[in-house]
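What follows is each chain in one-letter form.
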Amino acid sequence: MKSLKYYFHPCRKGFVFLRTGLLGVLLLLHTACENFLKVDLPSSQLTADDIFKEASTAEAAMLAIYADMRDDGILHDVSYFMGMYADELDYYGTENTQTNFYTNSLLPSESYVSSWWNNAYYLIYSANSLLEKIVDSESLDQDVVNRLTGEAFFVRGLLHFYLVNLYGDIPYIVTTDYLQNQDVRRQPVSEVYGLITEDLTEASALLDDAYTTTYRTRPNKATVMALLARVYLYCGEWQKAVDAASYVISQSGLYTWETDLDKVFLKESTTTLWQWDAKYTTGNTYEGSQFIFTSVPPANVALPTELVSSFDPSDLRKAHWMKEVSDGTQFWYYAYKYKEQSSTSSSKEYTILFRLGELYLVRAEAYAELEDLTAARQDLNVIRGRAGLDETTTDTKEELLEAVSLERRYELFTETGHRFFDLKRSGRLDDVLTLLKPGWDTTNRLLPIPEDELLLNPDLGQQNPGYD
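What comes next concerns the included structure. Per-chain numbering applies: the sequence of each chain, read as written, is numbered from 1 onward. Totals for whole chains, interfaces and linings use every residue, but because this is a predicted model, local features are given only for residues with pLDDT of at least 70 and side-chain atom pairs only at 80 or more, for both listing and counting. Only hydrogens and water are removed before side-chain values are computed, so all heavy atoms of the structure are retained for them.

**Regarding the overall build of the chain**
Move 1: Check the secondary structure of the chain and you find 22 helices and six strands.
Move 2: Any residue under 20% of the maximum accessible area for its type is buried, any over 50% is exposed, and the rest in between are partly exposed; the area is computed with a 1.4 Å probe on protein chains only. Counting only residues that meet the buried cut, the chain has 59% of its 468 residues in that class.
Move 3: For the chain, restricting intrachain contacts to residue pairs at least 6 apart in sequence, the fraction spanning at least 24 positions comes to 71%. A run of DSSP states H or I qualifies as a helix once it reaches four residues; a run of E qualifies as a strand once it reaches two. Both are numbered from the N-terminal end. By definition in these notes, contact holds between two residues if any of their heavy atoms fall within 4.5 Å.

Have a look at this one:
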């Protein structure tokens, strides 16, 4: 497993990525990517500088980053593994790593703890390399430069967002200079959030709202604003969260509210902001392949009975986004947002990273915190109305915040770690998980820093509490 310092130091034995720069990414695409790559691969003699003389190869460098994000690492795995780590998924299998996530018994030597960290910093390095090469390019059109630069800033901010929420204090890497990176230190969470905000602000100024792909597989300005809205919400900057979410919601020419729950997760959905193309033209989503089962007891994960039974009986999401399987005596349920478990004649579903429903919930919560209860209720009722529920009757700030919290659980379950992050930022992790999970300890709010990283770079400081 490659380490953080392994990625940043070009003199370690066996290391090739820094010597080849972005060319290494492009060559790996031969096996790593199908639909993300729309151009011929360059000659093996092409240098990293040559890549940024042509728009097609520069675009391929950016697409390579998305392909890697889609096929491996935190964003590929977070819905499944953090669903088990929190209270969204019960685990029925016997594989050690998955059992350790489900029982909250991770060790600093755990492979996924290391691979998520390493893959994220590998991709951050790739984004930084692209940013540095783009600046030096004299042949690319300015529109191409702006778009690729904006996307790279967005990717860098997004990856650091997930790292800081999972690991706590982390290094924020903004260069490929190994002399600077070889002795990096972890920065406080508040400082990391400030740097994420700076990157996303840069990205929003460079990107347009218009999409460059048919199925919204490249992030646009509204996608950046959606992540900014989330960041502001997590940081308690309520008015900024309202403003960023409103920017997205107001783009009625791009996004229209889908009232049919069965269409929300189709690749043509009008509420999708950003999604990943499937690896193959007949492929669908990793989530569908992991969550759906047809025989019982489940081989891997199922929705907890507590979650299923907590839905209002009239909530249409229970009927449309969950599926029941029985052996005639017992019942098990799986997440049925994505409805394709395997390949189809052509892809029907892509993995959605950002969608409009989250923005209404972000804005509802921020409005409630600002004590604009009427506006908060209006946004919350958009979500409840599609679910077939009556309008909320809450009339105090506290009641409304609790109602928003419940709707976030029911609307966003098994999506990109929302439940774990929501419990954590609200201070309710211990209250909820201590009752449900015998192995839960308050220190489990953070994953351990990979053991190898602390050995290789003492400047990273002490291990997270509870993992010594």
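**Remarks on the nonpolar core**
Move 1: The biggest cluster of nonpolar side chains holds 131 residues, and the ones touching the most others in it are Met69, Phe154 and Tyr167.
Move 2: In terms of residue count, helix α9 (residues 142-167) provides more of this core than any other element does, 15 residues in total.
Move 3: Filtering out sequence-adjacent residues up to four positions away, Phe154 remains in contact with Leu200, Ala203, Pro219, Thr223, Val224, Leu227, Trp274 and Phe354.
Move 4: The definition of a nonpolar core used throughout is a set of buried Ala, Val, Leu, Ile, Met, Phe, Trp, Tyr and Cys residues joined through side-chain atoms within 4.5 Å. The next biggest cluster of nonpolar side chains, apart from the first, holds seven residues, and it includes Ile292, Ala302, Val325 and Tyr334.

**Quick look at the packing of helix α18 (residues 373-386) against helix α19 (residues 397-411)**
Move 1: Orientation of α18 relative to α19, taken along the N-to-C sense of each, is 25°, at an axis distance of 11 Å. Put simply, α18 runs roughly parallel to α19. Between α18 and α19 lies a crossing whose hand is left-handed. Contacts between α18 and α19 involve Leu373, Ala376, Arg377, Leu380, Ile383, Arg384 and Arg386 on the former and, on the latter, Lys397, Leu400, Ala403, Val404, Glu407 and Glu411.
Move 2: Each residue gets one of three labels, nonpolar for Ala, Val, Leu, Ile, Met, Phe, Trp, Tyr, Cys and Pro, charged for Asp, Glu, Lys and Arg, and polar for the others, Gly among them. Grouping the constituent residues of the contact of α18 with α19 by class yields seven nonpolar, no polar and six charged. What counts as an axis is a line fitted to C-alpha atoms, over the stretch in contact for a helix, and the angles between N-to-C directions run from 0 to 180 degrees. An angle below 35 degrees is treated as roughly parallel, one above 145 as roughly antiparallel, one from 65 to 115 as roughly perpendicular, and anything else as oblique. Take the far helix as the reference: if the near one is turned anticlockwise from it by less than a right angle, the crossing is left-handed, and if turned clockwise, right-handed.

**Side note on the pattern of salt bridges**
Move 1: The salt bridge definition used is simple: a Lys or Arg side-chain nitrogen within 4 Å of an Asp or Glu carboxyl oxygen. Inspection of every chain in the model, using the stated rule, returns 26 salt bridges.
Move 2: Where Glu411 meets Arg317, a salt bridge forms, and the shortest distance between an N and an O atom there is 3.0 Å. Remark: Arg317 occurs in helix α16 (residues 316-320) and Glu411 occurs in helix α19; sequence separation between them is 94 residues.
Move 3: For Arg317, a relative accessible area of 0% translates into the label buried.
Move 4: Asp379 is the salt-bridge partner of Arg363, the closest N and O atoms lying 2.6 Å from each other.

**A closer look at the packing of aromatic side chains**
Move 1: Each Phe, Tyr or Trp ring, with Trp reduced to its six-membered ring, pairs with another whose centre is within 6.5 Å; inter-plane angles below 30 degrees give stacked pairs, above 60 give edge-to-face pairs, and intermediate values give tilted ones. A complete count under the given rule lists 33 aromatic pairs for this structure.
Move 2: Here the aromatic rings of Tyr85 and Trp440 are separated by 6.1 Å at their centres, their planes lie at 75°, and the arrangement is edge-to-face. Taken together, the residues Tyr85 in helix α6 (residues 74-85) and Trp440 in the loop between α21 (429-436) and α22 (451-456) connect sequence positions 355 residues apart.
Move 3: Judged by relative accessible area, which is 0%, Tyr85 ranks as buried.
Move 4: For Trp440, a relative accessible area of 8% translates into the label buried.
Move 5: Between Phe311 and Phe413, the ring centres sit 6.1 Å apart and the planes meet at 85°, which makes this aromatic pair edge-to-face. Placement of the pair is Phe311 in the loop between α15 (305-310) and α16 and Phe413 in the loop between α19 and α20 (418-425), with a sequence separation of 102 residues. For the pair Phe311 and Phe413, a shared accessibility class is recorded, and that class is buried.
Move 6: Sitting over the ring of Tyr215, Lys267 keeps its end group 4.7 Å from the ring centre. Only when the NZ of Lys or the CZ of Arg is both within 6 Å of the ring centre and within 35 degrees of the ring normal is a charge said to sit over the ring.

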